[in-house]
Amino acid sequence: MASAATDVSAADGVEKTRLLQCEEFASITGTDSAVAQCYLAENDWEMERALNSFFEADMESVFDVEFEEGTRKENDSTEMKRKSSEDPETSNKRLKKTETDCIDLTSEEPSGSSSTVSVVNGTAAQPVGEEADGKLSLLTWNVDGLDTLNLAERARGLCSYLALYTPDVVLLQEVVPPYIQYIRKRAVSYTIIEGGEEGYFTALMLKKSRVKFLKSEIIPYPMTQMMRNLLIAQVNFQGQELCLMTSHFESCKNQSNERMNQLQLMFGKMRETPENTTIIFGGDTNLRDTEVAKVGGLPTGVCDVWETLGREEHCRYTWDTKANGNKSVPYVSRCRFDRVYLRPAPQPHKMAVDHMVLVGQEKLQCGRYVSDHWGIYCTFST
């Protein structure tokens, strides 16, 4: 009898664990418990294998359908213009332009933009197109590549923001292979370093004319169930050595312990970095303020950019279901998941936080935003 009772108790425990796994899988992938159970069962209830299996689905078709329609319209328009032109020389120039494989959208002014200054919630962003000496500009953004709805238009939207702000450094999270392939073809003025190859991952972009890439490394999180890691790049900016970091910490409220482990690992890498190297971290941390306090707060010399700039309310919440309707959820959640940390090297070239603003708060033609997260654009002066 005792043995039977033990077996029942063990079975109950397994069932409870698997229900929690299904909830986690559904939360990460934006699916439901039925889909989660199917993928987990097929992969022996190993979360990482199940997620890999899910994300290996051919997402190229998402881009192909939308791009095919967009390309057809562009080609029709080009053909009409060509036929209406009686100047053979002009016609030949247009034809050569359409044969270009790589187009740098990040060097163009986005459509509908009439000013070189963006105003968000009453706060003007720094003038764009002007690369002030000594100032480093950075954009960090979880682009939600896992959401396939309007993904191609949203990727084009990201390129428009790159054109508008022309950041020196771009830190992306939740990128999928078709998305990064699209960005590679269009943001040719950037060096792109990827934090993975399968499923979803992070990426780091460096403006070739401003930032010299030296080396990079990927630090795995040993206990992650969601394919998360830390991407680090060593670069040189105007003679200064910089260490750039990005990551997407473990998601969901019940993953607090693992998230804190990842935060501590990242802090450890900061401490290991020589003092004469400036460190900038930006990413989707999924952190709650209590978790930062539990690990002992920020390391000595490290500052939270948002806090340093006075904790402005208008750029507090980067994941805000009240203002951003990309995710249809039956609740309101306003969180500061996305964060930027700075550890400046000492004088004479000490870097300081200059400006911060949230971006991506304008709807696209499809009626949705670039992502369910707002991006963070900030500048640093020396």
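How each quantity is defined
- Residues numbered from 1 in each chain as written.
- Predicted model: local features only at pLDDT ≥ 70, side-chain atom pairs only at ≥ 80, totals over all residues.
- Heavy atoms only, no water.
- Pairing = 2+ DSSP bridges.
- Helix = DSSP H or I, 4+ residues; strand = E, 2+ residues; numbered from the N terminus.
- Buried < 20%, exposed > 50% of the residue type's maximum accessible area, 1.4 Å probe, protein only.
- Salt bridge = Lys/Arg side-chain N within 4 Å of Asp/Glu carboxyl O.
- Core = buried A, V, L, I, M, F, W, Y, C linked by side-chain atoms within 4.5 Å.
- Contact = heavy atoms within 4.5 Å.
- Expected span 1.5 Å × (residues − 1).
- Polar contact = N/O pair within 3.5 Å; in protein donor to acceptor, adjacent residues only side chain to side chain.
- Phe/Tyr/Trp six-rings, centres within 6.5 Å; stacked < 30°, edge-to-face > 60°.
- Axes fitted to C-alpha atoms, helices over the stretch in contact; angles between N-to-C directions.

Engineer: I'd love a proper account of the sheet that holds strand S7 (residues 211-220), names of residues and values included.
Structural biologist: Sheet architecture is open: six strands sit in the order S7-S8-S9-S10-S14-S11, paired in mixed fashion. For this open sheet the edge positions go to S7 and strand S11 (303-304), each flanked by a neighbour on one side alone. Note that strand S8 (residues 229-237) and strand S9 (residues 240-247) share eight bridges and pair antiparallel. Opposite Ala233, over in S9, you have Leu244 as the bridge partner.

Engineer: Tell me about the pairing of strand S6 (residues 201-207), and please be specific about residues and values.
Structural biologist: For a regular strand, side-chain orientation follows a simple rule: the groups alternate between the two sheet faces. Counting buried residues along S6, seven of its seven residues qualify, which places the element largely inside the surrounding structure. Of the two faces of S6, the one carrying Phe201, Ala203, Met205 and Lys207 and the one carrying Thr202, Leu204 and Leu206 are both buried. Here five bridges tie strand S5 (residues 190-194) to S6, and the two strands are oriented antiparallel to one another. The residue of S6 that forms the bridge with Tyr190 is Lys207. Turn length for the S5-S6 hairpin, with the two strands adjacent in sequence and antiparallel, is six residues, and the turn residue Gly199 shows positive phi of about 65 degrees.

Engineer: An account of the pattern of salt bridges is requested, with residue identities and associated values reported.
Structural biologist: Taken as a whole, this structure holds 16 salt bridges when the rule is applied. With a closest N to O distance of 3.4 Å, Asp44 and Arg49 form a salt bridge. Exposure remark for Asp44: the relative accessible area of 54% places this residue in the exposed category. Take Arg49: its relative accessible area is 36%, and that puts it in the partly exposed class. One salt bridge connects Arg334 with Asp320, and the closest N-O pair in it is separated by 3.2 Å. Taken together, the positions of Arg334 in strand S13 (residues 334-335) and Asp320 in strand S12 (residues 319-320) put the pair 14 residues apart, joining distant regions of the chain. Relative accessible area serves as the criterion here: at 5%, Asp320 is assigned to the buried category. One network of salt bridges, in which partners are shared, links Asp289, Asp304, Glu307, Arg311, Arg336 and Arg339.

Engineer: Requested: an account of the nonpolar core, with residues and values cited.
Structural biologist: Side chains that are nonpolar tend, in soluble globular proteins, to be buried together. The biggest cluster of nonpolar side chains holds 45 residues, and the ones touching the most others in it are Trp141, Leu158, Leu172, Tyr179, Ile183 and Met205. Here the element with the most residues in this core is helix H6 (residues 151-165); it accounts for eight residues. Sequence-distant contacts of Leu158, that is, excluding residues within four places in its chain, are made with Trp141, Val143, Leu172, Tyr179, Ile183 and Val370. Judged by nonpolar contacts, the second largest core, of 30 residues, contains Phe237, Leu242, Leu342 and Trp374.

Engineer: Run through helix H8 (residues 256-272), naming residues and quoting values.
Structural biologist: For H8, which comprises 17 residues, the first-to-last C-alpha distance of 24 Å matches the rise-based estimate of 24 Å (1.5 Å per residue) to within 8%. Taken together, the buried residues of H8 touch S8, S9, strand S10 (278-284), helix H9 (289-294) and strand S14 (338-343).

Engineer: Before we move on, could you go through the side chain of Thr140 and cite the residues and values that matter?
Structural biologist: Counting through the fold element by element, Thr140 comes out in strand S3 (residues 136-142). A relative accessible area of 1% places Thr140 in the buried class. Of note is the side chain of Thr140, whose polar atom sits 3.3 Å from the side chain of Gln173. A distance of 3.4 Å separates a polar atom in the side chain of Thr140 from the backbone nitrogen of Gly283. Setting aside chain neighbours within four positions, we find Thr140 in contact with Leu171, Gln173, Gly282, Gly283, Val340, Gly375 and Ile376.

Engineer: Break down unusual backbone geometry for me, with residues and values.
Structural biologist: Not every positive phi belongs to a glycine, and Asp44 is a case in point at roughly 55 degrees. Within the secondary structure, Asp44 sits in the loop between helix H2 (33-42) and helix H3 (47-55). One non-glycine residue, Gln238, adopts positive backbone phi at about 50 degrees. Assignment of secondary structure puts Gln238 in the loop between S8 and S9. Its relative accessible area of 41% is what places Gln238 among the partly exposed residues.

Engineer: I'd like to hear about the packing of aromatic side chains, residue by residue, with values.
Structural biologist: Counting across every chain of the model gives 10 aromatic pairs. An angle of 25 degrees between the planes, with centres 5.9 Å apart, marks the rings of Phe281 and Tyr341 as stacked. One end of the pair, Phe281, is in strand S10; the other, Tyr341, is in strand S14, with 60 residues separating them in the sequence. You'll find Phe281 and Tyr341 in the same group, each marked buried.

Engineer: Could you give an account of the side chain of Ser247, naming the residues involved and the relevant values?
Structural biologist: Here Ser247 shows up in strand S9. The exposure class of Ser247 is buried, given its relative accessible area of 0%. For Ser247, the side chain forms a polar contact with the side chain of Tyr221, separated by 2.7 Å. A distance of 2.7 Å separates the side chain of Ser247 from the backbone oxygen of Asn229, its partner in a polar contact. When near neighbours in sequence (up to four residues on either side) are disregarded, Ser247 contacts Gln173, Thr202, Tyr221, Asn229, Leu230, Phe281, Gly282, Gly283 and Asp284.

Engineer: So, the sheet that holds S3: which residues are in play, and what are the values?
Structural biologist: As summarised here, the arrangement of the six strands in space is S5-S6-S4-S3-S16-S15, forming an open sheet in which the pairing is mixed. On the outer flanks of this sheet lie S5 and strand S15 (352-359), each paired with one strand and no other. Sheet twist, expressed as the average angle between the axes of neighbouring strands with direction ignored, equals 15 degrees. Running over the sheet, H6 touches S3, strand S4 (169-175), S6, S15 and strand S16 (375-381) and is turned about 165 degrees from S3. Contacts between helix H7 (residues 177-186) and the sheet are confined to S4, S5 and S6, with S5 contributing the most and set at about 165 degrees to the helix.

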